[in-house]
Amino acid sequence: SLSVTIVLCGICQWCQRKLGKRYKTSLETVGTPDSSRGRGEKKTIKLPAAGKAVNTAPVPGQTQQHDESDRKTEPRSSVSDLVNSLTSEMLMLSPGSEDDEGHDSSSRENLGRIQFSVGYNFQESTLTVKIMKAQELPAKDFSGTSDPFVKIYLLPDKKHKLETKVKRKNLNPHWNETFLFEGFPYEKVVQRVLYLQVLDYDRFSRNDPIGEVSIPLNKIDLTQMQTFWKDLKPCSDGSGSRGELLLSLCYNPSANSIVVNIIKARNLKAMDIGGTSDPYVKVWLMYKDKRVEKKKTVVMKRCLNPVFNESFAFDIPTERLRETTIVITVMDKDRLSRNDVIGKIYLSWKSGPGEVKHWKDMIARPRQAVAQWHQLKA
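The protein chain goes by Synaptotagmin-7 in an unreviewed UniProt entry, where it is assigned to Nothoprocta perdicaria. Check the Subunit (unreviewed entry) section of the UniProt entry for the protein chain; it says "Homodimer. Can also form heterodimers with SYT6, SYT9 and SYT10. Interacts with calmodulin (CALM1, CALM2 or CALM3). Interacts with CD63; required for localization to lysosomes. Interacts with APP." Looking at the protein chain in UniProt, the text filed under Sequence similarities (unreviewed entry) is "Belongs to the synaptotagmin family."

Asker: Teacher, can you tell me more about the overall build of the protein chain here?
Answerer: Helix and strand content of the protein chain: three helices and 18 strands. Taking all 378 residues of the protein chain together, 46% fall into the buried category. A separation threshold of at least 6 residues defines the contact pool for the protein chain, and within that pool the share at least 24 residues apart is 66%. Per element, the accessible surface of the protein chain, about 19500 Å² overall, is 47% carbon and sulfur.

Asker: When you look at the sheet that holds strand β17 (residues 340-347) in this model, what are you seeing that I'm missing?
Answerer: Across a sheet, paired strands are connected by hydrogen bonds in the backbone, their directions being either parallel or antiparallel. The four strands lie next to each other as β14-β13-β16-β17, forming an open sheet whose pairing is antiparallel. The open sheet is flanked by β14 (290-296) and β17, the only strands paired with a single partner. For this sheet, the mean inter-axis angle between neighbouring strands, taken without regard to orientation, is 20°. Sheet topology note: the strand β16 (residues 324-332)/β17 ladder contains seven bridges and is antiparallel. Paired with V330 across the strands is G343, a residue of β17. Packed onto the sheet, helix α3 (residues 353-364) meets β16 and β17 and runs at close to 55° relative to β17.

Asker: Mind showing me how you'd approach the sheet that holds strand β18 (residues 370-375) here?
Answerer: On the basis of which strands lie adjacent, the open sheet formed by four strands has the order β15-β12-β11-β18 and antiparallel pairing. Looking along the sheet, the strands with just one partner apiece sit at the ends: β15 (307-315) and β18. Across the sheet, the mean angle from the axis of one strand to that of its neighbour is 25°, orientation sign disregarded. When strand β11 (residues 244-252) meets strand β12 (residues 257-266), the two strands line up antiparallel, connected through nine bridges.

Asker: Whenever I open this one, the pattern of salt bridges confuses me. Can you help?
Answerer: Note on pairing: side chains with opposite charge can pair once their charged atoms come close. Counting across every chain of the model gives six salt bridges. A salt bridge links E244 to R266; the shortest N-O distance between them is 2.8 Å. Placement of the pair is E244 in strand β11 and R266 in strand β12, with a sequence separation of 22 residues. E244 gets classed as buried once you look at its relative accessible area, which sits at 12%. When its relative accessible area of 26% is taken as the criterion, R266 is described as partly exposed. For K357, the salt bridge identified is with D361, shortest N-O distance 3.1 Å. Here D361 and K357 lie together in helix α3, a separation of four residues that amounts to about one turn. Assessed through its relative accessible area of 19%, K357 is described here as buried. For D361, a relative accessible area of 4% corresponds to the buried category.

Asker: Just to check I follow, could you spell out α3 for this structure?
Answerer: Note: α-helices contain 3.6 residues per turn, so residues at a spacing of three or four share the same orientation. With 12 residues, α3 extends 16 Å from end C-alpha to end C-alpha; this agrees with the ideal 16 Å at 1.5 Å per step. Of the positions making up α3, those classed as buried are G354, E355, V356, K357, H358, W359, D361 and M362. Looking at the buried positions of α3, the neighbouring elements they touch are β11, β12, β16, β17 and β18.

Asker: Sorry if this is basic, but what is going on with unusual backbone geometry here?
Answerer: What is expected of a backbone is that most residues other than glycine have negative phi and most peptide bonds are trans. Following L155, the chain continues into P156 via a peptide bond in cis, with omega recorded as 15°. Structurally, the position occupied by P156 is in the loop between β5 (148-155) and β6 (157-163). Even without being a glycine, K169 presents a positive backbone phi close to 45°. With respect to the secondary-structure elements, K169 resides in the loop between β6 and β7 (174-182). The exposure class of K169 is exposed, given its relative accessible area of 62%. Positive phi outside glycine occurs at N309, with the angle close to 50°. Position of N309 relative to the elements: it lies in strand β15.

Parameters at a glance
- One numbering rule holds for all chains: residues counted from 1, following each sequence as written.
- Reporting of local features is limited, given that this is a predicted model, to residues whose pLDDT is at least 70; pairs of side-chain atoms are given and counted only at 80 or more, and all residues count toward the totals for whole chains, interfaces and linings.
- The side-chain quantities take in all heavy atoms of the structure and omit both hydrogens and water.
- UniProt positions are given in the numbering used here, feature names are shortened, and annotations may be inferred rather than shown by experiment.
- Helix and strand definitions follow DSSP, with helices as H or I runs of at least four residues and strands as E runs of at least two, each counted in order from the N terminus.
- Think of it in three bands: residues with accessible area under 20% of the maximum for their type are buried, residues over 50% are exposed, and the middle band is partly exposed, with areas taken using a 1.4 Å probe on protein chains only.
- By definition, residues are in contact when any of their heavy atoms lie within 4.5 Å.
- Accessibility throughout is a Shrake-Rupley quantity obtained with a 1.4 Å probe, and a residue counts as covered only by protein chains that appear here.
- A pair of strands is considered paired only if DSSP assigns at least 2 bridges between the two.
- A fitted line through C-alpha atoms serves as each axis, taken over the contacting stretch for helices, and the angle formed by two N-to-C directions is quoted from 0 to 180°.
- The term salt bridge refers to a side-chain nitrogen of Lys or Arg lying within 4 Å of a carboxyl oxygen of Asp or Glu.
- Each residue after the first adds 1.5 Å to the expected span of a helix.

Take a look at the structure:
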C-alpha cells in the first residue's frame, strides 16, 4: 500500500484540480514518485515484454553530484514514431553574415551532446541503461540557462518510459543514474530502439524539447557495457516544422536603441481547419526575466508565407544589453477562441547558438540592419 500526503495551497479549486490530476498521473505512470529527498526509492514499470524497468539508486559511497532537482509529475511532450524515420537536422541560415568561414558547424544548430552507457546481462535477462551527463546544452529559459532532464524509451513502445531527475539551472548536467529493464528477453531487446530525449523542465507550462538520440539496439554489442557520446539532434515532436522567420536587428549605441524589423515568414504551420493560418508577430522586450514592453504586427489573413516589413524600436541602455532578451512570437489569430502560438524565437547573449550569433553580429555592426532566418521553436 502507498500512502501519499498532498499539501494544497487552498487558493483556488483550479490549483487543487491541477495538482491532484498531475499527481494521480504520476502514480499511474511510474508507480512510486521520486523526489530530491527520496533518492533511494525505485521506479518500476511493467513492460509488454513481461519485464520491468527499475531506476536504481547510486551505490553507497560513490561520489554524488549536487542535486537540487524536483521530479516531474506529468509527462507533457509527445514522441514521434522514430523507428522508421529519424529527424533531419535543422539548419540555421544567416544571409549576409561575414562571419561564416565555410565550416559546416556555422549553419548547424548546436544542441549539445549526451553521454550514456548500455549493456545486457544474459544471466539475469536485464538491459542496463546509464545516463551519465550532458554538455553544452542550449539555454531555454529567459535567465539564460535550462533545467534539463532525460526521458528514456525503448521504441516502438511509447507508453512506458523512465526519467532522470531535473538538474536545475545547469547546461552541463551530471545525472549518473542507472535504469534496469529486468526480465527482458534478449530476442525482444534487439527489436527495440533506445530513444533518449533531453527536455527543459518548465514548472508552469509544457516542457521544452532540447534534443534527442536514437540507437537501434541490434546495431551495437550488448554483451558488455559500452559508453557513447552522441550529439543531440532536433526533436521530432510529431507536429512537423513550425516554419521560419526572417528578421533584422539594428543596434544604435549612441541612441541606446535596438530596431527590430519583422521582414517575412515562410512555411508556417497551418493552425486552422482550412489548412491555413492568420499569422501576426508579437515582440516582447524582456529585462532580467521581466516584461518591459510589447509590440505587434498586423494580422495577415489566410497566409503561410506572410510579408510583414514592420519595424519596432526599443530603448535599451548599453549597460542593460547583457540582461536583455527579445522574445519573438508568431501567433495565429482566432476570432472565436484563444490565439494559437505557432512558434517562438529568443534573442539574447544567452539563447541558442543561432540566436546568439545574430545578437553578436548586431553588436559587432552598429547602425547596420543585420538580417537572419530563424527556425521557429515550440
